[in-house]
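Structural features, examined
What follows is the residue order along each chain.
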Amino acid sequence: MKRRIGAHEHRAREAAGRDAAIADVSRRNFLTGVAVAGAVTTVASPPANAATQAGEPGAAGARRPSALPPSTHVAAKETAPPQELSRIKGVAGSDFMVDVIKTLDIKYLPANPASSFRGLHESLIDYGGNKMPEFLTCMHEESAVGMAHGYFKAAGNPLMTLCHGTVGMQHASMAIYNAWCDRVPVIVVGGNDLDAAHRPPGVPTIHSAQDINALVRDFTKWDDTPFSLQHFAQSFIRAYKIAMTPPYGPVAISLDAGLQQEPITSNGEKLYIPRYVPTSPPQGDSAAVKEAARLLANAQNPVIVVDRAARSENGIRLVVELAEALQAQVVDLDGRLNFPNTHYLRRAPSAVNNADVIIGMELTDYWGTVNAWIDNGEHGIGVNTSKIKPDTKLISISSVDLNTKSNYQDLQRFQVVDVQMAADAEATLPALIEAVKAQIPNERKALIEKRGEAARKAFAEAKDRARAEAALAWDASPISTARMAMEIWAQIKDLDWSLVSSSGIGNHWPNRLWRMEKHYQWLGLSGGYGVGYGAPAAVGAALANRDLGRFSVNIQADGDLMYAPGVLWTAARHNIALLTVMLNNRGYHQEVMHVQRLASFRNRVASLGKDMGPIGTSIQNPDIEYHKLAESMGWWAKGPIKDPADLGPALKEAVAVVRSGQPALVNVWTQPR
Ligand SMILES: Cc1ncc(C[n+]2csc(CCOP(=O)(O)OP(=O)(O)O)c2C)c(N)n1
Ligand SMILES: [Mg+2]
């Protein structure tokens with residue numbers, strides 16, 4: 001990048017100056033402190049004075065200096081007039097980048113700071129006024145991306161983040177993978193100093209790479225490395241557009257440090273910002289929609305399976321409309337809230353067993369929906385079986401069919417499907433509903449109504465079963481996870497609540513026991529099952545909910561929180577109100593079960609050491625005091641709660657704190673699952 005030589009030299013000098021400035025400031029503070037104490041008038045004489053005063057016995061409040069006084073040589077250097085730094089001649093390129101970013105609806109920028117994007121950082125806060133986007137201080141790049149992930153699912157708008165070259169991108173990568181698997185847009189911009197001849201040597205060079213995007217290319221929808229400011233404008237708008245076209249997904253831009261810092265040079269061309277026009281989502285081919293409708297309208301027992309089919313209130317309404325037109329049972333695999341759990345057509349996944357036609361919409365795993373895999377078969381490897389009748393017709397609508405990345409295995413096993421639409425379910429549903437209604441033969445209408453009656457009965461029975469199961473061990477200590485879910489429910493049910501995350505992954509009690517009808521009441525899990533998602537996603541979603549006036553609640557697994565607990569500080573720092581209830585089972589319980597299961601398979605007793613679970617799977621001895629952890633980062637907190645009778649009152653207090661605008665955590669000792 002040829003135009004940059006002057007700027008890079010300037011930068012290298014500036015970098016050296018930066019370090020000197022840091023040393024100056026601390027030393028100056030020291031000197032100021034001494035001067036205020038009246039001990040010094042000239043810098044040449046402080047040592048004796050300062051030392052004597054501090055050392056005098058009985059000198060109340062006098063303190064020893066925490067650093068040695070400066071030598072004459074250093075003191076002379078420090079008191080000399082500062083060397084004047086050169087100033088930029090013109091407008092910084094990163095100011096233009098801010099102009100580009102501001103044309104899009106990006107409200108926040110959660111990020112951990114770093115010099116590789118200091119040009120853009122400075123422009124965002126000083127030129128851009130720290131608004132649209134507002135910089136939110138994060139303590140880990142994974143937390144920043146996790147926040148953006150959760151935010152999108154609650155708000156429907158994407159956030160951007162900034163990562164530091166190689167190391168920042170490495171930290172961000174798991175969270176990007178989660179967003180990829182969960183089909184969520186995140187705009188990841190990585191600072192990278194490309195010009196090996198002029199970038200600062202040492203650490204900044206170690207933090208640079210030829211291509212930082214290579215780290216995440218396999219699980220981003222698109223990436224680019226802009227070479228000029230005009231290129232940046234195109235790339236950024238394109239990145240946003242691609243991220244926001246179903247299937248949604250993360251995108252990455254590697255941003256050269258030089259391009260950010262150099263002044264804008266016209267080269268005879270005027271910079272412009274391309275207008276953002278959203279791409280319409282892909283819709284199912286009309287012939288395929290018609291054929292799917294024909295199969296569904298004539299089915300004896302059609303079943304609808306949904307995973308990420310609804311992304312809005314309208315999406316849920318459409319799934320309900322299709323289900324009611326057919327009086328078809330609906331299996332919600334909970335990637336999002338696709339269908340109210342209060343609706344009589346909602347059914348458990350086993351409903352597919354007797355179906356003659358199944359329509360799967362935005363399924364993560366079609367194969368796993370219609371087949372079963374049994375752990376520890378005869379030879380210690382899994383056994384595959386079919387769950388459905390051999391002649392069941394399968395229909396699929398999934399935008400993920402348009403993804404063609406191959407390294408990571410998020411496409412799951414290959415499943416033969418009779419009518420397959422590479423299309424967005426929510427966008428295709430209106431046409432499908434119309435076609436289904438048109439194709440239902442008159443003589444079948446009475447039969448379809450009958451299906452509805454049977455469904456109401458089955459739904460009521462399932463509800464009774466869930467209640468009976470939840471009542472088991474109601475008074476146990478540590479507290480049963482069902483009891484915990486119901487104690488939370490009692491405190492939030494009359495609020496406009498949103499369950500922002502539920503990282504105790506085996507704990508599906510809220511989905512079974514709470515009334516979930518709105519899309520933001522259940523946002524799904526991480527997508528990639530990269531643990532460590534729950535806490536940051538909860539904070540991000542709570543941020544969105546704060547602005548929308550909703551009450552956020554997070555059921556937080558202990559293992560999940562400890563990957564990067566610093567996000568608690570980010571929540572307190574930025575006034576993100578959120579009720580976090582720890583599902584503290586003092587272990588990586590999922591892994592407890594895996595090791596125990598395998599030990600049994602091998603006719604052995606799992607070695608526990610001194611803990612409750614097999615060695616390597618417990619989080620106890622010492623027990624982590626999550627309430628103190630949260631308190632230390634500015635949260636209201638209470639715990640550990642072990643007696644179920646204490647839980648309701650503690651939650652009530654916490655809810656009041658959250659309603660006043662602050663985050664609150666209740667540390668609850670629970671049963672494993
Ligand atoms: C990054 C990452 N590391 C390890 C795992 C393996 N893993 C799956 S579940 C789990 C336990 C998580 O513990 P916790 O969050 O406390 O939930 P619990 O199983 O106790 O309900 C682990 C370690 C993973 N999925 N992701
Ligand atoms: Mg746990």
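For the structure, see preceding data.
Okay, so let's go over this structure. Counting starts from 1 at the beginning of each chain's written sequence and moves along it residue by residue. Chain letters and ligand numbers both follow the written order, the letters beginning at A and the numbers at 1. Since the coordinates come from a predicted model, pLDDT governs what is reported: local features require at least 70, and pairs of side-chain atoms require 80 or more to be given and counted, while whole-chain, interface and lining totals use all residues. Side-chain numbers come from the whole structure's heavy atoms, not from hydrogens or water.

**With respect to the packing of aromatic side chains**
The criterion for an aromatic pair is that two Phe, Tyr or Trp rings (for Trp, the six-membered ring) have centres within 6.5 Å, with stacked assigned to planes under 30 degrees apart, edge-to-face to planes over 60 apart and tilted to the rest. In total, this model carries 10 aromatic pairs according to the counting rule given. Between the aromatic rings of Phe219 and Tyr408, the centroid separation amounts to 5.0 Å while the plane-to-plane angle is 80°, which identifies the pairing as edge-to-face. Of this pair, Phe219 sits in the loop between α8 (203–206) and β5 (222–224) while Tyr408 sits in the loop between β13 (393–397) and β14 (419–421), placing them 189 residues apart in sequence. Overall, the relative accessible area of 4% leaves Phe219 in the buried class. Residue classification places Tyr408 among the partly exposed residues on the basis of a relative accessible area of 32%. Through pairs of rings, three or more aromatic residues link up here, namely Tyr177, Phe219 and Tyr408. Above the ring of Trp367, the side-chain terminus of Arg413 is found at 4.0 Å from the ring centroid. Two conditions define a charge sitting above a ring: the NZ of Lys or the CZ of Arg must be within 6 Å of the ring centre, and it must be within 35 degrees of the ring normal. Geometry around Tyr344 places Arg456 over its ring, the cationic atom sitting 3.9 Å from the centre. Put simply, DSSP marks the helices as runs of H or I at least four residues long and the strands as runs of E at least two long, and each gets a number from the N terminus on. Relative accessibility under 20% of the residue-type maximum defines a buried residue, over 50% an exposed one, and the middle range a partly exposed one, all with a 1.4 Å probe and only protein chains included.

**What about the coordination of the magnesium ion (ligand 2)?**
Within the first shell, the magnesium ion (ligand 2) binds the protein through Asp558 (OD), Asn585 (OD1) and Gly587 (O), at distances of 2.1 Å. Note that water is not among the atoms considered, so a metal site may appear incomplete; the donors listed are N, O and S atoms within 2.8 Å of the metal, with 3.2 Å applied to Na, K and Ca. When the donors of the magnesium ion (ligand 2) are listed by position in the chain, the intervening gaps give D-x26-N-x1-G. Pair noted here: Asp558 is in helix α19 (residues 558–562) and Gly587 is in the loop between β17 (579–584) and α21 (589–601), with a separation of 29 residues, a long-range link. We note that Asp558, like Gly587, is buried.

**Things to note about the site of ligand 1**
What makes a residue near a molecule or strand is one non-hydrogen atom of that residue sitting within 4 Å of it. Taken together, 16 residues surround ligand 1, and among them Asp558, Gly559, Gly587, His589 and Arg673 come closest. Taking Asp558, its side chain carries an N or O atom lying 2.6 Å from an oxygen atom of ligand 1. Throughout this description, a polar contact denotes any pair of N or O atoms lying within 3.5 Å of each other; where both atoms belong to protein, one of them has to be capable of donating a hydrogen while the other can accept it, and for residues adjacent in sequence the pair is counted only when both atoms sit in side chains. Between His589 and ligand 1, the recorded distance is 2.8 Å, taken from a backbone N or O atom to an oxygen atom. Considering ligand 1 on its own, with 580 Å² of exposed area, one finds that the protein chains cover 79% of that surface. If you list the elements that add at least two residues to the shell around ligand 1, you get α19 and α21. In these tables, accessible area is a Shrake-Rupley quantity obtained with a 1.4 Å probe, and a residue counts as shielded only by the protein chains included in the view.

**A word on a nonpolar patch on the surface**
Note on patches: the residues involved have over 30% relative accessible area and no salt bridge, like charges join within 9 Å, and the nonpolar side chains Val, Leu, Ile, Met, Phe, Trp and Tyr join within 5 Å. For salt bridges, the criterion is a side-chain nitrogen of Lys or Arg within 4 Å of an Asp or Glu carboxyl oxygen. Taken together, the side chains of Val531, Tyr563 and Tyr588 make up a nonpolar region of the molecular surface, amounting to roughly 270 Å² of accessible area. Its location among the elements puts Val531 in the loop between α17 (509–513) and α18 (534–548).

**Quick notes on the sheet that holds strand β9 (residues 346–347)**
DSSP-based pairing: two strands are paired if at least 2 bridges between them are found. Ordered in space as β9-β8-β7-β10-β13-β14, the six strands form an open sheet in which the pairing is parallel. Both outer strands of the open sheet, β9 and β14, are each paired with one neighbouring strand and no more. As defined by bridge partners, strand β7 (residues 302–306) adjoins strand β8 (residues 329–332) across four bridges and the pair is classed as parallel. Residue pairing for β8: Val305 is matched across the bridge by Val331.

**So, unusual backbone geometry**
In this structure, Pro133 follows Met132 across a cis peptide bond, with omega equal to 5°. Within the element layout of this structure, Pro133 appears in the loop between α5 (118–127) and β2 (134–137). A cis amide bond links Pro246 with the next residue in sequence, Pro247, at an omega value of -5°. Along the chain, Pro247 falls in the loop between α9 (229–243) and β6 (251–256). Phi at Gln412 is positive, roughly 60°, even though this residue is not glycine. Within the secondary structure layout, Gln412 lies in the loop between β13 and β14. In the Ramachandran plot, Arg586 falls in the positive-phi region, its phi being about 55° despite a non-glycine side chain. Mapped onto the elements, Arg586 comes out in the loop between β17 and α21.

**Some details on helix α12 (residues 313–326)**
By this rule, a helix spans an expected 1.5 Å times one less than how many residues it contains. The first and last C-alpha atoms of α12 sit 21 Å apart over 14 residues, in line with the 20 Å expected at 1.5 Å per residue. Looking at the buried residues of α12, the elements they touch are α11 (286–297), β7, β8, β10 (357–361), α14 (425–439) and α15 (445–471). It only takes one pair of heavy atoms within 4.5 Å for two residues to be counted as in contact.

**Focus: the sheet that holds strand β3 (residues 160–164)**
Pairing is parallel in the open sheet, where four strands are placed in the order β3-β4-β6-β5. For this open sheet the edge positions go to β3 and β5, each flanked by a neighbour on one side alone. Here the strands of the sheet are splayed against their neighbours by 20° on average, with no regard to which way each runs. Bridge count between β5 and β6: three bridges; the pairing is parallel. If you follow Asp223 over to β6, its bridge partner there is Ala252. Interaxial angle, 0 to 180 degrees, is taken between N-to-C directions of lines fitted to C-alpha atoms, where a helix line uses only the stretch in contact.

**A short note on helix α16 (residues 481–492)**
The terminal C-alpha atoms of α16 lie 17 Å apart, and with 12 residues this matches the ideal 16 Å at 1.5 Å per residue to within 8%. Counted residue by residue, α16 has nine buried out of 12 residues, so it is predominantly covered. Restricting attention to buried positions, one finds in α16 the residues Thr481, Ala482, Arg483, Met484, Ala485, Glu487, Ile488, Trp489 and Ile492.

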